[in-house]
Amino acid sequence: AQRVTQPEKLLSVFKGAPVELKCNYSYSGSPELFWYVQYSRQRLQLLLRHISRESIKGFTADLNKGETSFHLKKPFAQEEDSAMYYCALWGGSNYKLTFGKGTLLTVNP
Amino acid sequence: SQTIHQWPATLVQPVGSPLSLECTVEGTSNPNLYWYRQAAGRGLQLLFYSVGIGQISSEVPQNLSASRPQDRQFILSSKKLLLSDSGFYLCAWAIPNSPLHFGNGTRLTVT
């Protein structure tokens, strides 16, 4: 079975502070991990995927297979980063994308 | 380019009434299609997915069903709605080895 855990339901930081949204996963095979973001009144959209190894909107995430983690990080948070963030795991051949319960990030001015 | 349409955007239905939510995808062929429900504090729950016409996999046994009558059409249905069916329903599509793309969602309130 595949499982994604986001331990923090809510995360509040001040503008300019570093932010880290935690994500841990459980999967017996070789997973593909994603971060999705949902801004207020917008559709859920892909933020980044681990195989791309890219930085989107200043966010990065590194897959740590030893710790089974895929934490999302940004060195300097901006107010426009306030949104709901979901970590997701793609199991590959089973066609399923499993999401965590999400973390609501609030960046205060 | 590919687009996904989901309607209606909001729906208020009485308990015991039927439900039909429709999702269509344009600009791609034979996509994998998905229905998710988003509930506060419970994240995104996969309800159904389909890898082809007439092929439906159910993830959560419940009051809902799904159908895929055409390649790019995915329908979520219920014969009799329950209060617990209230929520935000998201349709999504993907091609193999690519991320999911979501529709705008339908806010369903069962009264």
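Note: the structure precedes this text.
Small disclaimer: the values here were computed from a predicted structure and weren't measured. (Residues numbered from 1 in each chain as written. Chains lettered and ligands numbered in written order. Predicted model: local features only at pLDDT ≥ 70, side-chain atom pairs only at ≥ 80, totals over all residues. Heavy atoms only, no water.)

Here's the deal with the overall build of chain B
From N to C terminus, chain B includes zero helices and 11 strands. Counting from the amino terminus, helix and strand elements in chain B follow one another as β-β-β-β-β-β-β-β-β-β-β. By the compact-globule yardstick of 13 Å for 111 residues, chain B fits well, its C-alpha radius of gyration being 13 Å. Principal-axis analysis of the C-alpha atoms places the extent of chain B at approximately 40 × 25 × 20 Å. Out of the 111 residues belonging to chain B, those deemed buried represent 48%. The contacts in chain B between residues at least 6 apart in sequence include a share of 53% that link residues at least 24 apart. (Helix = DSSP H or I, 4+ residues; strand = E, 2+ residues; numbered from the N terminus. Rg over C-alpha atoms; globule rule 2.2 N^0.38 Å. Buried < 20%, exposed > 50% of the residue type's maximum accessible area, 1.4 Å probe, protein only. Contact = heavy atoms within 4.5 Å.)

Focus on the overall build of chain A
Scanning chain A from terminus to terminus reveals zero helices and 11 strands. Secondary structure of chain A in N-to-C order comes out as β-β-β-β-β-β-β-β-β-β-β. The proportion of buried residues among the 109 residues of chain A is 44%. Intrachain contacts of chain A at a sequence separation of at least 6 include 58% that bridge at least 24 residues. As displayed, chain A offers around 5600 Å² of accessible surface, 50% of which is attributable to carbon and sulfur atoms. For chain A, the distance from the average site of its 14 positive side-chain charges to the average site of its 9 negative ones is 7 Å. (Areas by Shrake-Rupley, 256 points an atom, 1.4 Å probe, with all protein chains shown as cover. Lys, Arg positive; Asp, Glu negative; His and termini not counted. Charge placed at Lys NZ, Arg CZ, Asp CG, Glu CD.)

A few points about the interface of chain B and chain A
Across the boundary between the two partners, chain B contributes 22 residues, which contact 16 residues of chain A. A buried area of about 1700 Å², summed over both sides, lies between chain B and chain A, and 55% of it is on carbon and sulfur atoms. Together, Leu44, Pro99 and Phe102 of chain B form the three largest contributors to the area buried by chain B at its contact with chain A, with a combined 29%. At the surface where chain B touches chain A, the tally comes to six residue pairs in polar contact (both at pLDDT 80 or more). For the side of chain B that touches chain A, the secondary structure elements donating two or more residues are strand E4 (32–39), strand E5 (43–52) and strand E9 (87–94) of chain B. Examining the composition of the side of chain B that touches chain A, we find that five residues originate from one element, E5 of chain B, more than from any other. (Buried area = accessible area lost by both parts, 1.4 Å probe. Polar contact = N/O pair within 3.5 Å; in protein donor to acceptor, adjacent residues only side chain to side chain.)

With respect to the sheet that holds strand E1 (residues 3–7) of chain B
What holds strands together in a sheet is hydrogen bonding between their backbones, with the strands either parallel or antiparallel. Residue and element names in this part refer to chain B. Read from one edge to the other, the open sheet built from four strands follows the order E1-E3-E8-E7, with strand pairing classed as antiparallel. A strand with exactly one partner marks an edge of an open sheet, and here the two such strands are E1 and strand E7 (65–70). Strand-to-strand twist of the sheet, defined as the mean angle between neighbouring strand axes without regard to direction, takes the value 20°. (Pairing = 2+ DSSP bridges. Axes fitted to C-alpha atoms, helices over the stretch in contact; angles between N-to-C directions.)

As for the state of the cysteines
Residue and element names in this part refer to chain B. Taken as a whole and assessed by the stated rule, the structure comprises two disulfides over all chains. The disulfide partner of Cys23 is Cys91, and the gap between their sulfur atoms is 2.0 Å. Disulfide Cys23 to Cys91: torsion about the S-S bond roughly -75°, handedness left-handed. A residue pair is termed long-range when its members are at least 10 positions apart, and Cys23 in strand E3 (residues 19–26) and Cys91 in strand E9 qualify at 68 residues. (Disulfide = S-S within 2.5 Å.)

A look at the nonpolar core
Nonpolar side chains in soluble globular proteins generally cluster together in the buried interior. Residue and element names in this part refer to chain A. Of all hydrophobic cores here, the largest spans 24 residues; its most connected members are Trp35, Leu72 and Tyr85. Sorting the residues of this core by element identifies strand E2 (10–14), strand E3 (19–21), strand E5 (32–38), strand E6 (45–49), strand E9 (83–90) and strand E11 (103–108) as the ones contributing at least two each. The dominant element in this core, judged by the number of residues it contributes, is E9, at four residues. Look past the residues within four positions of Leu72 in its chain and what remains in contact with it is Val19, Glu20, Leu21, Trp35, Leu47, Leu48, Phe59, Thr60, Ala61 and Tyr85. (Core = buried A, V, L, I, M, F, W, Y, C linked by side-chain atoms within 4.5 Å.)

Concerning the environment of Tyr27 of chain A
Residues and elements named next belong to chain A. As for its placement among the helices and strands, Tyr27 is situated in the loop between strand E4 (24–26) and E5. Considered as a pair, Tyr27 and Ala1 are 26 residues apart in the sequence and their alpha carbons are 6.5 Å apart. Here Tyr27 is in contact with Ala1, Gln2, Leu89 and Gly91, once residues within four sequence places are set aside.

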